[in-house]
There are 2 protein chains.
Amino acid sequence: MENVTFPKGFQARGLSCGIKKNGKPDLGILISEPPAQVFSAFTQNAVKAAPVLYDRKVASEGGKVSHVLVNSGNANACTGSRGYDDVLAEVALVRQLGAPKGEVMVSSTGVIGEYLPMEKLKAGIARLFDAGSGAGESYAPFIHAIMTTDTFEKKAQRTLVLDGKEVRLGGVAKGAGMIRPNMATMLAYLTTDLGLDADYAGAFLGSVEKSFNSISVDGDMSTNDTALLLANGASGVRYTALSQPAREAFDEGLRGLMEELAKLIIRDGEGATKLVTIETLGARTVEDAKAVCRAIANSPLVKTAFFGGDANWGRVLAAAGYSGAELVPEKTSLEFCGVKVLEKGGRADYSEDVVAEKMKAKDVSVKVDLGLGKESWTYWTCDLSYDYVKINAAYRT
Amino acid sequence: MENVTFPKGFQARGLSCGIKKNGKPDLGILISEPPAQVFSAFTQNAVKAAPVLYDRKVASEGGKVSHVLVNSGNANACTGSRGYDDVLAEVALVRQLGAPKGEVMVSSTGVIGEYLPMEKLKAGIARLFDAGSGAGESYAPFIHAIMTTDTFEKKAQRTLVLDGKEVRLGGVAKGAGMIRPNMATMLAYLTTDLGLDADYAGAFLGSVEKSFNSISVDGDMSTNDTALLLANGASGVRYTALSQPAREAFDEGLRGLMEELAKLIIRDGEGATKLVTIETLGARTVEDAKAVCRAIANSPLVKTAFFGGDANWGRVLAAAGYSGAELVPEKTSLEFCGVKVLEKGGRADYSEDVVAEKMKAKDVSVKVDLGLGKESWTYWTCDLSYDYVKINAAYRT
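This is a predicted model, so every value here is computed, not measured.

Within chain A one finds eleven helices and 15 strands. Taking 397 residues into account, the globule formula puts the C-alpha radius of gyration at 21 Å, and chain A, at 22 Å, falls close to it. Every one of the 397 residues in chain A was classed for burial, and the buried ones make up 60%. Considering only residue pairs separated by 6 or more positions, chain A has 79% of its internal contacts joining residues 24 or more positions apart. When the accessible surface of chain A is split by element, carbon and sulfur atoms take 49% of a total near 14,300 Å². Here chain A contributes 45 positively and 48 negatively charged side chains, and the mean placements of these two sets differ by 2 Å.

Turning to the packing of helix 8 (residues 300-307) of chain A against helix 11 (residues 386-393) of chain B, a few remarks are in order. At a minimum axis distance of 8 Å, the contact between helix 8 of chain A and helix 11 of chain B shows a crossing angle of 70°. Classified by the angle their axes make, helix 8 of chain A and helix 11 of chain B are roughly perpendicular. Two packed elements cross with a definite hand, and for helix 8 of chain A against helix 11 of chain B that hand is right-handed. Touching Pro300(A), Leu301(A), Thr304(A), Ala305(A) and Phe307(A) of helix 8 of chain A are Tyr388(B), Val389(B), Asn392(B) and Ala393(B), all from helix 11 of chain B. For the contact of helix 8 of chain A with helix 11 of chain B, a count of residues per class yields seven nonpolar, two polar and no charged.

For the rest of this paragraph, the subject is the sheet that holds strand 11 (residues 333-336) of chain A. Residue and element names in this part refer to chain A. One open sheet holds the seven strands; their spatial order is 8-15-10-14-11-12-13, and the pairing between them is mixed. Each edge of the open sheet carries a strand with a single partner, namely strand 8 (215-216) and strand 13 (346-347). With seven bridges connecting them, strand 10 (residues 275-283) and strand 14 (residues 363-369) associate as parallel partners. Across the sheet, the residue bridging to Ile-278 is Val-366, located in strand 14. Set on the sheet, helix 7 (residues 286-298) makes contact with strand 8, strand 10, strand 14 and strand 15 (375-382); between it and strand 15 the angle comes to about 20°.

We now examine the interface of chain A and chain B. By a frequent convention, interface size equals the accessible area lost on bringing the separate parts together. Taken together, the contact pairs 51 residues of chain A with 51 residues of chain B. Between chain A and chain B, the buried area comes to about 4,400 Å², and carbon and sulfur atoms account for 59% of it. Here chain A is connected to chain B by four residue pairs in polar contact (both at pLDDT 80 or more). Sorting the residues of the side of chain A that touches chain B by element identifies helix 8, helix 9 (313-321), helix 10 (352-358) and helix 11 (386-393) of chain A as the ones contributing at least two each.

Residues and elements named next belong to chain B. Read from one edge to the other, the open sheet built from seven strands follows the order 8-15-10-14-11-12-13, with strand pairing classed as mixed. The open sheet has two edge strands, strand 8 (215-216) and strand 13 (346-347), and neither has a second partner. As paired elements, strand 8 and strand 15 (residues 375-382) share two bridges and run parallel to each other. Paired with Ser-216 across the strands is Thr-381, a residue of strand 15. On the sheet, helix 6 (residues 244-267) packs against strand 8, strand 10 (275-283), strand 14 (363-369) and strand 15 and is oriented at approximately 40° with respect to strand 15.

With that settled, consider the relation of the copies chain A and chain B. One chain copy maps onto the other through a rotation about an axis and a shift parallel to that axis. Superposing chain A onto chain B takes a rotation of 180° combined with a translation of 0.0 Å along the rotation axis, leaving an RMSD of 0.0 Å. A rotation of that kind, with that shift, is consistent with a two-fold axis. Ranked by how close their C-alpha atoms come to the rotation axis, the residues of chain A are headed by Tyr386(A), at 2.7 Å. Taken as a fraction of all interface residues of chain A, those also at the interface in chain B reach 100%, which identifies the copy contact as same-surface.

In this section: the state of the cysteines. The bond known as a disulfide is covalent and runs between the sulfur atoms of two cysteines. All names here are of chain B. Under the defined criterion, the tally for this structure stands at zero disulfides over all chains. The closest cysteine sulfur to the non-disulfide-bonded Cys-337 is located on Cys-293, 16 Å from its own sulfur. Judged by its relative accessible area of 16%, Cys-337 is buried.

Residue and element names in this part refer to chain B. With respect to the element layout, Val-354 can be found in helix 10 (residues 352-358). Using a relative accessible area of 41% as the deciding quantity, one classes Val-354 as partly exposed. Along the primary structure Val-354 and Val-339 are separated by 15 residues, whereas in three dimensions their C-alpha atoms are 8.4 Å apart.

What follows covers the pattern of salt bridges. Residues and elements named next belong to chain A. Following the criterion strictly, the structure yields 40 salt bridges over all chains and no others. The salt bridge partner of Glu-209 is Lys-290, with a shortest N-O separation of 2.7 Å. In this pair, Glu-209 sits in helix 5 (residues 201-210) while Lys-290 sits in helix 7, placing the two residues 81 residues apart along the sequence. The exposure class of Lys-290 is buried, given its relative accessible area of 8%. One salt bridge connects Glu-352 with Arg-347, and the closest N-O pair in it is separated by 3.1 Å. With a relative accessible area of 29%, Glu-352 lands in the partly exposed category. Here the residues in one salt-bridge network are Glu-252, Arg-255, Glu-259 and Lys-263, joined through shared partners.

All names here are of chain A. As judged from the three bridges shared by strand 11 and strand 12 (residues 339-343), these two strands associate in the antiparallel manner. Its bridge partner being in strand 12, Phe-336 is matched across the sheet by Val-339. The turn linking strand 11 back onto strand 12 is made up of two residues, and Cys-337 within it adopts a positive phi angle of 50°. Here strand 12 folds back onto strand 13, and the loop between the two strands holds two residues, one of which, Lys-344, carries a positive phi near 45°.

On to the confidence of the model for chain A, then. One rule of thumb: low pLDDT means the predicted coordinates there are not for detailed reading. Residue and element names in this part refer to chain A. Chain-level pLDDT for chain A is 91 on average; 95% of the residues reach the 70-or-more range. Scored below 50 in pLDDT, residues 178-183 makes 31 contacts in the model with residues more than four places away or belonging to other chains. Overall fold confidence (pTM) sits at 0.86, and the ipTM for the predicted complex is 0.79.

This paragraph deals with the side chain of Asp268(B). Mapped onto the fold, Asp268(B) is located in the loop between helix 6 and strand 10. At 2.6 Å, the side chain of Asp268(B) forms a polar contact with the side chain of Lys154(B).

Let us now look at the pairing of strand 14 of chain B. Residue and element names in this part refer to chain B. Burial along strand 14 is one-sided: the face carrying Val-364, Val-366 and Val-368 is buried and the face carrying Asp-363, Ser-365, Lys-367 and Asp-369 is not. Inspection of the sheet shows strand 11 (residues 333-336) paired to strand 14 by four bridges, in the antiparallel sense. Along strand 14, the bridge assignment pairs Ser-333 with Asp-369.

What follows is about the nonpolar core. Grouped together as the largest cluster of nonpolar side chains are 84 residues, with contacts concentrated most on Phe212(A), Phe250(A), Phe212(B) and Phe250(B). Setting aside its immediate chain neighbours within four residues, Phe212(A) contacts Met186(A), Ala188(A), Leu190(A), Ala227(A), Met258(A), Leu261(A), Ala262(A) and Ile265(A). Listed in part, the 44 residues of the second largest apolar core include Cys293(B), Ala319(B), Met359(B) and Val366(B).

In the segment running from Glu33(A) into Pro34(A), the intervening peptide bond is cis, with an omega of 10°. Relative to the helices and strands, Pro34(A) resides in strand 2 (residues 27-42). Even without being glycine, Asn76(B) reaches a positive phi, approximately 45°. Mapping Asn76(B) onto the fold places it in the loop between strand 3 (65-74) and helix 2 (80-98). Look at Asn76(B) and you get buried, because its relative accessible area is 0%. The backbone of Ala99(B) shows a phi angle near 45°, a positive value even though the residue is not glycine. Tracing the chain through its elements places Ala99(B) in the loop between helix 2 and strand 4 (103-111).

Parameters and conventions
- Residues numbered from 1 in each chain as written.
- Chains lettered and ligands numbered in written order.
- Predicted model: local features only at pLDDT ≥ 70, side-chain atom pairs only at ≥ 80, totals over all residues.
- Heavy atoms only, no water.
- Helix = DSSP H or I, 4+ residues; strand = E, 2+ residues; numbered from the N terminus.
- Rg over C-alpha atoms; globule rule 2.2 N^0.38 Å.
- Buried < 20%, exposed > 50% of the residue type's maximum accessible area, 1.4 Å probe, protein only.
- Contact = heavy atoms within 4.5 Å.
- Areas by Shrake-Rupley, 256 points an atom, 1.4 Å probe, with all protein chains shown as cover.
- Lys, Arg positive; Asp, Glu negative; His and termini not counted.
- Charge placed at Lys NZ, Arg CZ, Asp CG, Glu CD.
- Axes fitted to C-alpha atoms, helices over the stretch in contact; angles between N-to-C directions.
- Parallel < 35°, antiparallel > 145°, perpendicular 65-115°, else oblique.
- Left-handed = near helix turned anticlockwise from the far one by under 90°.
- Nonpolar A, V, L, I, M, F, W, Y, C, P; charged D, E, K, R; others polar.
- Pairing = 2+ DSSP bridges.
- Buried area = accessible area lost by both parts, 1.4 Å probe.
- Polar contact = N/O pair within 3.5 Å; in protein donor to acceptor, adjacent residues only side chain to side chain.
- Least-squares fit on C-alpha atoms with pLDDT ≥ 70 in both.
- Disulfide = S-S within 2.5 Å.
- Salt bridge = Lys/Arg side-chain N within 4 Å of Asp/Glu carboxyl O.
- pLDDT = per-residue confidence, 0-100.
- Core = buried A, V, L, I, M, F, W, Y, C linked by side-chain atoms within 4.5 Å.

Have a look at this one:
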């Protein structure tokens, strides 16, 4: 039992139902017994895929969730009412075959603008419940079923001891590899056997903001992005019964798990050769700190400079300057990989050779101190390489 | 007499004063006699180069301008009070040697974070006024003095006949080629011998918005961006004395000239292989139409798809979806190169082969109809190629 099934009361499996032409796993299911309180974050894109529209409705109704069905290879996005009807048909089949005690959620990732191959999907769902032709189905890991162009598995798990009791956390994610033709869809499924009430939603969204919403490969936002946390209480421990320090330990454990997965996504960013940590300090507001991080993370000029191993502080400063955040050049300081290169708007006394050497590392960092206030934010991105262009310029065919 | 000196009463010249290591022209001057009413637009970046700070002050004081000094090879940005003092020293020397009848403005483009080599500059300014060592100085074109990594000259001119009288317009621009290390600095100098009053500023800014502010190579914004229009009235014709149709003809002529220069900048975008025209129609507000254009123009996923000649409507729709503009997928239609691919949110009946063939052209287009209102906007961008990465990943050294 690992990642999503590491906490008690979770099962998961995958298989290939033929959506992907290469025969790799493309359909999976995550099951919680007992049904779990669900916490969700979806794409903010005005163009939302059918499963996102459906899941938002389920989430808003507040029922507990027992099954999450995920397919890769087809995003069921820009498919209109037929796409939504297909989701309803998937859910109906899961209800019929899986006899869920809670609600069913659905995610899709892959090609957009094409209808789901429902016959293949239906046969696949039947096999997921071992109701297909052959007995003794041999399943693939759930994590494989959600992958598209990901080059490695993104998974994490941890055990927390809270007020002396063991609680487990697990998670998997996919992205921002893209399938042709394609989005940087991010899917993340987190599980815990701690019991959480619906009012934990604010804390969950806060951790999403500090992890999955604080990463960027290319600044594009998909129609299908989804992060779900299922908390089924199977450990017998409830959050509300914990001491304040234990609650904080859980909050931090969950946030840390999500950060771990978010960074794995960036490490596997298309064409990425470096993980770049961007830290903004001294901002007047948190929103300003985020805006500076985002502008730097999404600047193609900054990202190509990182690819070239160039501590190009002019590009970083310019990106901070157009971020919309309050910024006074004479108060702004910059560090690359721990070396101060700009001190209150003026070039610091540093060795280009020393910085250039540090910039050759796989993990590099840039720190911006706005010198205006006490707020800060951290963001992760990757560099922009030849391979990014190569991967994304390819024909869909 | 061509481009900026095509209208009456303008002189311009350039030379190499040694800022650029390759010996190419790096200093130029544009002179208006009589002094001209000046209209200006500067970078919105919070980090503004010293000459921009100085020029903004001159512009706000409303005096007429007779000299514009421009250097390339060094942006005089992030240089603090010493950088500003250097601008004052340049202006003082132009005043001393050029005996200007109006104000002096200054622009710089090139490396940021380094001080101007003032000895070289001062000697260069002296030579610009033929006060240097040798008599009979042989000057280079002004347009060459403002170029950095531009691979061709960006210039335009036109003659308008307004109420039967001849009026001339001219202009040059540089960018978005970048010098190492570097910004996508855009400089544009426009001249006319029509007489314009200060209250033409709104119309000028409107035309800037529709031209230089409606182009994007990579979405980055420089510390030095500057567009100036000098109107010296040397034609003897005044805007205020023109008929309404003649005024409109001038407005349109100026806007058209600026659009022509703006498109040349995009054609010379780093690594650009295609000019992409993005048109958004049917928006509820102009701001929405612009936001959709901008999101599409700045999406690396869209830009790499154009490089690959791929009519990837999913990426375009997704970018429109996260632009912040009001958008209803079921009302949105899309065309690539005149072929409708998405009709009110659903895939249109079209041939991939036909579109793929059209996408091979140097000039391609995408049209988004939001189907919600009557507002529209047009934007120009280029594709994102291997060469963009190559040019920008290079070390500064």
